[in-house]
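Below are the chains, spelled out letter by letter.
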Amino acid sequence: MSLSHFTTPIYCTSSSTSESLMIASNVKKKKNSTALCLEDTKERIKNMFNKVELSVSSYDTAWVAMIPSQTSPQAPFFPQCLNWLLDNQLFDGSWGFSDRHPLLMNDALLSTLASILALKRWGIGDDQINRGLQFIESNIASINDEKQHPPIGFNILFPSLIEYAQILGINLPLGATSLDAMIQKKEIELQRGFQSNSEGWRAYLAYCSEGMQKSWDWEMIMKYQRKNGSLFNSPASTAAVYNHLKNTDCVNYLQSVLEKFGNAVPTVYPLDIYARLCMVDTLERLGINHHFKEEIRSVLDETYRYWQQEVEEILLDPTTCAMAFRILRLNGYDISSDPLYQYSEDNFENSLKGYLKDIGAVLELYKASQVIIYPEESVLVRLNSWTGHFLKQESSPFRLYADKLRSYVDSEVKDALNFPHYANLERLLNRRSMEHYNVEETRILKTSYRSCNLANREFLKLAVEDFNICQSIHSEELKQLSRWVEESKLDKLKFARQKQAYCYFSVAATLFSHELSDARISWAKNGVLTTVVDDFFDVGSSEEEQMKLIQLFEEWEVDINSVCCSETVKIIFSAVHSTICEIGEKSIKRQGRNVKNNVIKIWLNLLQSMFREAQWLRTNTVPTIDEYMQNAYISFALGPIVLPALYLVGPKLSDDDTENHELDCLFELMSTGGRLLNDIHSYKRESEEGKLNAVSLHIIHGNGVITAEEAIKDMKVISEDKRRGLLRLVLQEKGSVVPRDCKELFWKMMKVLHLFYMKDDGFTSHEMHSSVNSLIKEPVVLSELLVDSLQNLVG
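Residues numbered from 1 in each chain as written. Predicted model: local features only at pLDDT ≥ 70, side-chain atom pairs only at ≥ 80, totals over all residues. Heavy atoms only, no water.

1. Looking at the overall build of the protein
Heads up, the condition is: Only DSSP runs of H or I reaching four residues or more are called helices, and only runs of E reaching two or more are called strands; each is numbered from the N terminus. Per-residue accessibility, obtained with a 1.4 Å probe over protein chains only, is compared with the maximum for each type, and a residue is labelled buried under 20%, exposed over 50%, and partly exposed between these values. Residues are treated as being in contact if the distance between any of their heavy atoms lies within 4.5 Å. In short, Shrake-Rupley with a 1.4 Å probe defines the accessible areas, and a residue's cover is counted only from the protein chains shown.
A tally of helices and strands in the protein yields 36 helices and two strands. Counting only residues that meet the buried cut, the protein has 59% of its 795 residues in that class. Across the protein, the fraction of contacts at a sequence separation of at least 24, relative to all contacts at a separation of at least 6, is 75%. In the structure as shown, the protein presents an accessible area of about 32900 Å², 49% of it carried by carbon and sulfur atoms.

2. Concerning the side chain of N233
By the secondary structure assignment, N233 is in the loop between helix 9 (218-221) and helix 10 (235-245). Of the residues examined, N233 reaches a relative accessible area of 6% and is grouped as buried. Setting aside chain neighbours within four positions, we find N233 in contact with R226, N228, Y253, T267, V268, Y269 and P270.

3. Some thoughts on the UniProt feature "domain: Terpene synthase metal-binding" (unreviewed entry) in the protein
Cut-off, in case you're wondering: UniProt positions are given in the numbering used here, feature names are shortened, and annotations may be inferred rather than shown by experiment.
UniProt annotation of "domain: Terpene synthase metal-binding" (unreviewed entry) refers to residues 487-724 when read in the numbering used here. Taken as a whole, residues 487-724 contains 69% helix and 0% strand, while its terminal C-alpha atoms sit 41 Å from one another.

4. Considerations on the nonpolar core
To keep things clear, this is the line we draw: We define the nonpolar core as a collection of buried residues of types Ala, Val, Leu, Ile, Met, Phe, Trp, Tyr and Cys that are connected through side-chain atoms lying within 4.5 Å of one another.
Among the nonpolar cores identified, the biggest contains 243 residues, and F158, L340, L490, F505, F553, W603 and F746 are the most heavily contacted of them. If you tally residues by element for this core, the top one is helix 22 (residues 457-487), at 12 residues. With near-sequence residues (within four places) excluded, F505 lies in contact with L425, L428, F756, M768, S771, V772 and L775. If you look at the next biggest cluster of nonpolar residues, it comprises 12 residues, including Y628, I680, A694 and A711.

5. Side note on the packing of aromatic side chains
Test applied: Note on aromatic contacts: the rings of Phe and Tyr and the six-membered ring of Trp form a pair at centre separations within 6.5 Å, being stacked when their planes are under 30 degrees apart, edge-to-face when over 60 apart, and tilted otherwise. Criterion for a charge above a ring: Lys NZ or Arg CZ within 6 Å of the ring centre, and within 35 degrees of the ring normal.
Applying the stated rule across the entire model yields 23 aromatic pairs. An angle of 40° between the planes, with centres 5.8 Å apart, marks the rings of W201 and Y204 as tilted. Of this pair, W201 and Y204 both sit in helix 8 (residues 199-207), three residues apart, which is roughly one turn of that helix. Per residue, the accessibility class of W201 equals that of Y204, and both read buried. Arranged with centres 5.9 Å apart and planes meeting at 50°, the rings of F553 and W556 form a pair that is tilted. Lying over the aromatic face of W122, R121 brings its terminal NZ or CZ to 4.0 Å of the ring centre. Over the face of the ring belonging to F512 we find R427, whose NZ or CZ atom lies 3.9 Å from the ring centre.

6. Some thoughts on the environment of Y333
Our working definition: Here a polar contact means two N or O atoms within 3.5 Å. Within protein one must be a hydrogen donor candidate and the other an acceptor candidate, and residues neighboring in sequence count only if both atoms are side-chain atoms.
Here Y333 is to be found in the loop between helix 15 (318-330) and helix 16 (345-349). Separated by 366 residues in sequence, Y333 and I699 have C-alpha atoms that sit 41 Å apart. Once residues lying within four places of it in the same chain are set aside, the contact partners of Y333 are R297, L300, D301, Y304 and L328. Among the polar contacts made by the side chain of Y333, one reaches the side chain of R297 at a distance of 2.7 Å. A polar contact of 2.6 Å, which involves the side chain of Y333, links it to the side chain of D301.

7. Describing the packing of helix 22 against helix 23 (residues 500-508)
For the record, the criterion: Angles here are taken between N-to-C directions and fall from 0 to 180 degrees, while the axes themselves are lines fitted to C-alpha atoms, restricted in helices to the stretch in contact. By the definition used in this description, the sense in which the near helix is turned from the far one sets the handedness, with an anticlockwise turn below a right angle giving left-handed and a clockwise turn giving right-handed. Residues are grouped as follows: nonpolar covers Ala, Val, Leu, Ile, Met, Phe, Trp, Tyr, Cys and Pro; charged covers Asp, Glu, Lys and Arg; every other residue, Gly included, is treated as polar.
Across the interface, helix 22 lies against helix 23 with an axial gap of 10 Å and an inter-helix angle of 145°. Regarding helix 22 and helix 23, the two cross each other, and that crossing is right-handed. Packed against helix 22, whose contacting residues are I473, H474, E477, L478, L481, S482 and V485, the element helix 23 presents Q500, A501, Y504 and A508 at the interface. Its residues placed into classes, the contact of helix 22 with helix 23 shows seven nonpolar, three polar and one charged.

8. Observations regarding helix 27 (residues 596-618)
Threshold: To estimate the expected span of a helix, subtract one from its residue number and multiply by 1.5 Å.
In this model helix 27 runs 33 Å from its N-terminal to its C-terminal C-alpha over 23 residues, within 8% of the 33 Å that 1.5 Å per residue would give. Looking one or two places after helix 27, you find N620, whose phi comes out positive at around 55°.

9. Side note on a nonpolar patch on the surface
Defined as follows: In this scheme, patches are assembled from residues that exceed 30% relative accessible area and form no salt bridge. Like charges are connected within 9 Å, while nonpolar side chains (Val, Leu, Ile, Met, Phe, Trp, Tyr) are connected within 5 Å. The term salt bridge refers to a side-chain nitrogen of Lys or Arg lying within 4 Å of a carboxyl oxygen of Asp or Glu.
Nonpolar side chains collect at one region of the surface, where V622, L692 and I700 lie side by side and expose about 220 Å² of accessible area between them. Relative to the helices and strands, V622 is located in the loop between helix 27 and helix 28 (625-635). You can call V622 partly exposed: its relative accessible area is 43%.

10. Some remarks on helix 25 (residues 543-555)
Taking 1.5 Å as the rise per residue, helix 25 with 13 residues should run 18 Å; its terminal C-alpha atoms sit 19 Å apart, in good agreement. Those residues of helix 25 lying buried are E545, Q546, K548, L549, I550, L552 and F553. Taken together, the buried residues of helix 25 touch helix 24 (517-538), helix 26 (567-591) and helix 27. One or two steps after helix 25, the chain reaches W556, where phi turns positive at roughly 65°.

11. Some points on the pattern of salt bridges
Inspection of the entire model under this criterion finds 43 salt bridges. The partner of E426 in a salt bridge is K748, and the shortest N-O contact between them spans 3.0 Å. In this pair, E426 is assigned in helix 21 (residues 426-435) and K748 in helix 34 (residues 740-756), connecting sequence segments 322 residues apart. For the residue pair E426 and K748, the accessibility class agrees, reading buried in each case. Here the residues in one salt-bridge network are D518, K525, E582, K586 and K589, joined through shared partners.

12. Some words on the side chain of E189
Rules: For the purpose of counting charges, residues Lys and Arg are taken to be positive, whereas Asp and Glu are taken to be negative. His and the chain ends are not included.
Structurally, E189 is set in helix 7 (residues 176-196). In this structure, E189 is buried with no salt-bridge partner, the nearest side chain bearing the opposite charge being R192 at 4.6 Å. Discounting chain neighbours no more than four positions away, the residues touching E189 are N155, I156, W201 and Y204.

See the structure below:
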């Protein structure tokens, strides 16, 4: 049974014969028309790898400005911060971003009040103070707006600032009702936390330490101090601790941050490792990572060194730790999943981000948990279980969306749950990522911050241009494929399913680079042919015709017009013959030799395995499970699709390489895993037709003990083991002789299979119809994406 079982034709175009040269010419014109623009964009993105840009925070800068001098307590330790606050008040009297998100008004109130207190603390800036108080008076109602996205700790920090303002003699324009409501919220949150008395709660209080009273156990907070001297990499928290304990490491941290940023500080520092990993992740999700191979490799090498050194910036943050693990492992770095033990469900709940129920952190842990390649990685199995359950829970008012606005996190969660990494075809992911991309992303901790390394228009602009160029190439290639079907008379075979659109889609969605046209055409043509041959052995031929077709392959160099055979056999053999010869000729360019004979052997193995299955059916033979699987992983018909394409993706493969045990293992793991997925979903239909597959044979040979449900469960476990084993072999570099680009083809096909068999109806869903059109027919319009992003931004 071929890859394309249960499909429906959806996109066919008829026209005259056209050579690949025409496609190459059109590609060249399209590439030249945007080449200069793309090169400029790529250069700007490359420069972003060299330096992580991070916005400064008026809130944190205000807390640093409030630190008194060691030698003169009546003067500020960091007067430059005070001057920065004087110079950076906005026109409306607030501090923060001038183009703030409308749901971040509480963030503006918090930053503005902190800045007012810093100025009042040192008795300067009366005009700025008055303007700031007017802003607070005009916008204080937002504190009771449940739609507002509150900064972390707002219910503790803002009332504490109000109390400090009263101590300083500031007459805040607040009504008694608003003040009482805020103080009540603070007391409720403190009471709830103290009742839980969890480690997560204590970490949360330490993170919000600038909002605590002098009676707070400051020495206890010091257990959260990091090697760089900070508390949680937060300048505000670190400044508050220094004010009480005069810890030298705290002030050294603050001085180092100011040396980097000048007269103000960001709300979190350092962020370099996380920001660069986000860049890599974003470029991969948008499908433009192939433009930055050197820069990405440099980032990953550096991250790997930090991972081995157990750097706090990675291991103490679940988001960064999970992202580093996933990206490093999927890029071939040999790393252990052991560091993720610290983020078991219980441990996570007792951490700061666990207490906050940080969806972003849970999402990254969920993604990391899917990259299982070893049988003994129980830590990832358990991680997958609890994070998946957490993400599937219904949203509640108590769930905080730390670090990102809720609408964007929700879309990311939905995408991750619907498409696990092993069923996520790259080009579909790229398109969804573009459509959901937030070019003006503002993140939120205790206050809002931005970084061009985390989000910017350049990423989206390059992704759209690259996608549309690829799409124009793919559209032409599909037209060429459709013409070939007609010219080969394959459309005249009434018993055969016409599946060229889906066969082409399966490769275009995974192997999309401009220069891989030959590999795509080979994959797609052989996908069409294996579908036809599968139907030929299944319903479209007699035993005599089947034997004749095999005989023709064994003889090969024959005059098909003079050989006595049916029209059906003639059409099929001619189409396969010409395709194999075409692959052989194209292989000379990349391999330096003609691989035609290798491809003939692949096809002959397939035909013989299909004939064996047909004989079993004709003679009512019940094979053992081992006999069935040894034959079925070949008859599944992935060999002619994937194996010839290996010769056309770039790296040279000698005959020794192609006969290597590693290549055999890759093929067996991919095909067996795919065959079991197919058998699980086709069990009922094939049983009704009197056909045997892995599930029914498992029941038959189970001596009446094994039920259908148990058999399916067992087959799923085996299929999952094959998938994990395949990924392990693909990622393995030590001792591997097969080039990574070639090994990737097996994993790409496995992802295709998992996507197509996620539902019982395989390819027939309208969802797939829409996916094909979005990939091949519908261009992405940058201006529309920017409008959608702006609309999301304002509500």
